[in-house]
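Here's the letter readout for the chains.
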Amino acid sequence: MENLLEFNLRELTKYIAPYGHKAYRAKQLLKWIYKVGQKDFNLMTDLSKSFRQELSEIAQIKTPQIHLDHLSSDGTRKWLLDVGAKNGIEAVFIPEKDRGTLCISSQVGCALECTFCSTGRQGFNRNLSSAEIIGQLWVANNLLREQQNYKSFKIEDRIITNVVMMGMGEPLTNYKQVVHALEMMLDDNVYGLSRRRVTLSTSGLIPAIDKLREDCPVSLAISLHAPNDALRNEIVPINKKYPLEALMKSCIRYIDKAPRDFVTFEYVMLNDINDSLEQAKQLVSLVKDVPCKFNLIPFNPFPNSGYTCSSRAKIESFQRLLMDAGLVATIRKTRGDDIDAACGQLAGQVQDKTKRTQRIHLA
Ligand code: SAH
Ligand code: SF4
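Below is a short write-up of the structure. (Residues numbered from 1 in each chain as written. Chains lettered and ligands numbered in written order. Predicted model: local features only at pLDDT ≥ 70, side-chain atom pairs only at ≥ 80, totals over all residues. Heavy atoms only, no water.)

One finds Leu29, Met185, Phe265 and Phe294 to be the most contacted residues of the largest nonpolar core, which totals 111 residues. Considering every element that reaches this core, the biggest residue donor is helix α5 (residues 130-147), with nine residues. Each of two domains, domain 1 (2-60) and domain 2 (65-362), supplies a minimum of three residues to this core. Once residues within four sequence positions are removed from consideration, leucine 29 is found in contact with Leu4, Leu12, Ile16, Phe41, Met44, Leu47, Phe51 and Leu55. (Core = buried A, V, L, I, M, F, W, Y, C linked by side-chain atoms within 4.5 Å. Buried < 20%, exposed > 50% of the residue type's maximum accessible area, 1.4 Å probe, protein only. Helix = DSSP H or I, 4+ residues; strand = E, 2+ residues; numbered from the N terminus. Domains from an automatic or database assignment. Contact = heavy atoms within 4.5 Å.)

With that settled, consider the site of ligand 2. Taken together, Cys110, Leu112, Cys114, Cys117, Gly120, Gly169, Glu170 and Ser203 form the complete shell of residues around ligand 2. When grouped by side-chain class, the residues that make up the shell around ligand 2 number four nonpolar, three polar and one charged. (Near = heavy atom within 4 Å. Nonpolar A, V, L, I, M, F, W, Y, C, P; charged D, E, K, R; others polar.)

Hydrogen bonds along the backbone pair up the strands of a sheet, which may run parallel or antiparallel. The strand order across the open sheet built from ten strands is β3-β4-β5-β6-β9-β10-β11-β12-β13-β14, with neighbouring strands paired in mixed fashion. The outermost strands of the open sheet, each flanked by one partner alone, are β3 (65-71) and β14 (328-331). For this sheet, the mean angle separating the axes of adjacent strands, direction not counted, is 20°. As judged from the six bridges shared by strand β4 (residues 77-82) and strand β5 (residues 88-96), these two strands associate in the antiparallel manner. Looking at the pairing, tryptophan 79 lines up with alanine 91 of β5. (Pairing = 2+ DSSP bridges. Axes fitted to C-alpha atoms, helices over the stretch in contact; angles between N-to-C directions.)

Right, let's talk about the packing of aromatic side chains for a bit. Summed over the entire model, instances satisfying the criterion amount to seven aromatic pairs. Taken together, the ring pairs in this structure connect Phe7, Tyr15 and Tyr19 into an aromatic cluster. (Phe/Tyr/Trp six-rings, centres within 6.5 Å; stacked < 30°, edge-to-face > 60°.)

Time to look at the state of the cysteines. The full count for this structure, using the stated rule, is zero disulfides. Here cysteine 292 is not cross-linked by a disulfide; its sulfur's nearest cysteine counterpart is in cysteine 251, at 8.6 Å. Judged by relative accessible area, which is 10%, cysteine 292 ranks as buried. (Disulfide = S-S within 2.5 Å.)

In the vicinity of ligand 1, 21 residues are found, and the nearest of them are Gly169, Ser201, Ser223, His225 and Asn300. For ligand 1, an oxygen atom lies 2.6 Å from a polar atom in the side chain of histidine 225. Between ligand 1 and the protein, one listed contact pairs an oxygen atom with a side-chain N or O atom of glutamate 266 at 3.1 Å. Class assignment of the residues belonging to the shell around ligand 1 gives a composition of ten nonpolar, nine polar and two charged. (Polar contact = N/O pair within 3.5 Å; in protein donor to acceptor, adjacent residues only side chain to side chain.)

Nothing here speaks to function; it is all geometry.
Put into C-alpha cells, the structure is as follows:
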C-alpha cells in the first residue's frame, strides 16, 4: 500500500492519473490530508464514492504513532513518536505570543558525534523518510487543534507558523528526503509555510549547504560552537572535514539566495570550554565577513555528558563582547526543560547501529 504522505503535488497527480483522475483531484486530496487533517478516505466528502473506494484499496495515510505526549508547564509540548522497530523520534512544539514553532527530527539518532549532544551520544539507526518528516507536522497539527478546540477551528488558522529542523539528526546527511519534505512544507497545497519561517540547522556540511542554496533555500542556522579549528575539531568532529574558514565562505555564498539576509550561528555555552572572552574575540574576527546573528544556547545537561553550562554572568559577558563588536547576539530562552524538551535533550529511542554507546561505555 502506498503511503500518500510520500507524495508532493506532482507525484500525487502522476499517481492518480492511471485511474483516470485529473490534476485538480490531487489538490483536493492534499487539502483533505494536510489542511483538514483527515486520514479516512471515506470521509473526504467531495471526492466521488468510487474514487474514495479505489483509494482505500490502493493507498493509506500512515503517520508516525504517538508513543508519549508531554505538556510542559510553560506550554511546550513534546511527543515521542514511534517509527517502528523500537525506534523513537522526538518533535517539540513551542508556543509564543506571535508564533508557534515546531522542532522536528530528520533521523533516528545522528551519525555525527558532537561531544555535548545527547542525540549524538545515542548513536544512529536510520534516516527518516520524507513521509516521516512531514508526518511530524501532520501529527502535531492534529493534536494541537484538539488542544485548542478543534470544533471552532477554521482550516485557514495556523497553529504551526514556524518549523525548525533542530530535533534529532543531521538534516543534511539525509538530504534527499529532507529537501522533499521542506518543499512540501512550503507548498501552498500542503502547509504553505513561508521560506523565512522554515529553518534548517546543520553542523556544517559544506557541499550540502551549497546544494541546498540551489535546490531549496530556507533560513539557515549553523552549529558553530567554537571560534577556532582546534577546539571545533574536538567538539564538532565534522569540522576536520569541513573547517571553519571554508564554512564561513559557504555561509556567504548561501546568503545571496537565502530568504533572510543573515545566517544564524548557534553557540552552545560550555563552562570553561568555549566561553572565555578571549574566545569571544576570536569569534568576532572569525565571522567578520559573514552577515550573521548569534544565538547563544545555554548548555542543557544530560547524564554523563561531562560538561556543565556556563554561568549566567559568563554568558552575559560573552554576549556583551559580541554586541560591543557590532554583532547581534541573543541568549536562547530554555523552554520545556521540565520535560527534557530543550535543545540537545532530545534523546528519542535509538536502536544504535554504530555501537557508539558500547564504545563510550568502554572508553
Ligand atoms: N544536527 C543539527 C540539528 C540538530 S541539533 C545541528 O547540529 O545543527 C540542534 C541544536 O542543538 C544544534 O545547534 C546543537 O548543537 C544544539 N545542541 C546539541 N546538544 C545540545 C545541548 N546539550 N545543549 C544545548 N544545545 C545543544
Ligand atoms: Fe548530530 Fe547535531 Fe547532535 Fe552534532 S549536534 S551530534 S550534528 S544532532
